[in-house]
Amino acid sequence: MAKHKSGGWLESIKTVVYAGLIAIGIRTVAFEPFNIPSGSMIPTLLVGDYLFVSKYSYGYSRHSMPFSPNLFQGRIFGSLPERGDVAVFKLPRDNATDYIKRIIGLPGDRIQVRAGVLYVNGQSVRRELIGPYTVEGDGPRLVVREYREFLPPQPGMVAHAHNILEMSDDQPFDNTGEYRVPEGHVFAMGDNRDNSLDSRAQNAVGFIPVENLVGRAEFIFFSVDGSARWWEVWAWPMAIRWSRLLSAVR
């Protein structure tokens, strides 16, 4: 009986270990879940969104693995993002903090913002006013302007369109110098343009090494508006943003 019991415990431990290894493998090579803690990507991503990021989209680096072990340099099966991708990356300043922003500039691109309008390689990026947008769930309730922005297409591709927010066109990052994206780097910006710490802040974020890319945001699998506390079970259904479940990130 004692021998049988010992064998049962051993099999249970093996099962747990195997399950953990499988989970780590999936997280490393396929998909990893992330949640959105701030409003820098509103209106595309809201505080309380939970999404899956594809790890294979840009190849694999040490940042593809848990705790970013320094096992190798560069990327395996690496490829550049497309202009307009929403990507998760490790903050270059510490190589540990996860950030999520939209890729605006690729290696060799020249990026500038003038009076709130984005310029890519000297050409202004078209934006169309949609109307007022009420920002909630990320500090004070604000009414800002929502635009549809059309990034210039890469060769053989169509222009990428997405929505952005602007409080005004004279905020600190609405008039910048020209940034030339170095080789092996990309330039990232938040869709909530006046409430985003991104590549425009060269001392805080700056250019993103391609090696620091973790993956591309694919779809939202869960979303909650924060109106219900964890113990308020009766309020959970009303706190879930049902319309955002299983929606693609664009």
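The present account deals with the structure reproduced in this document. Please read all numbers here as calculations on a predicted model, not as lab measurements.

**Describing the packing of aromatic side chains**
Okay, step 1: As enumerated under the stated definition, the model contains 10 aromatic pairs in all.
Okay, step 2: Here the aromatic rings of W231 and W234 are separated by 6.0 Å at their centres, their planes lie at 65°, and the arrangement is edge-to-face.
Okay, step 3: Overall, the relative accessible area of 41% leaves W231 in the partly exposed class.
Okay, step 4: The structure contains a cluster of three or more aromatic residues connected by ring pairs, namely F31, Y50, F52, Y56, F219, F221 and F222.
Okay, step 5: The aromatic ring of Y119 is capped on one face by R114, whose charged end is 3.9 Å from the ring centroid.
Okay, step 6: Here the guanidinium or amino end of R126 rests over the ring plane of F150, the centre of that ring lying 3.9 Å away.

**A few points about the pattern of salt bridges**
Okay, step 1: Counted under the stated rule, the structure contains 16 salt bridges.
Okay, step 2: In this structure, the salt-bridge partner of E211 is R62, at a minimum N-O distance of 4.0 Å. Placement of E211 in the loop between β13 (208-209) and β14 (213-223) and of R62 in the loop between β2 (49-54) and β3 (86-90) is noted, with a sequence separation of 149 residues between them. Neither residue differs from the other here; E211 and R62 are each classed as buried.
Okay, step 3: A salt bridge links R127 to D169, with the nearest nitrogen and oxygen atoms 2.7 Å apart.

**Structural notes on the sheet that holds strand β6 (residues 117-120)**
Okay, step 1: Spatially, four strands are ordered β7-β6-β5-β11 in an open sheet, and the strand pairing comes out antiparallel. Single-partner strands in this sheet number two, and they are β7 (123-124) and β11 (179-180).
Okay, step 2: One ladder, built from two bridges, connects strand β5 (residues 110-114) with β11; its direction is antiparallel. Residue pairing across strands places R110 opposite R180, the latter belonging to β11.

What counts, and where the lines are drawn
- Residues numbered from 1 in each chain as written.
- Predicted model: local features only at pLDDT ≥ 70, side-chain atom pairs only at ≥ 80, totals over all residues.
- Heavy atoms only, no water.
- Phe/Tyr/Trp six-rings, centres within 6.5 Å; stacked < 30°, edge-to-face > 60°.
- Buried < 20%, exposed > 50% of the residue type's maximum accessible area, 1.4 Å probe, protein only.
- Lys NZ or Arg CZ within 6 Å of the ring centre and 35° of its normal.
- Salt bridge = Lys/Arg side-chain N within 4 Å of Asp/Glu carboxyl O.
- Helix = DSSP H or I, 4+ residues; strand = E, 2+ residues; numbered from the N terminus.
- Pairing = 2+ DSSP bridges.

In short, the description is geometric, and any link to function would need to be established separately.
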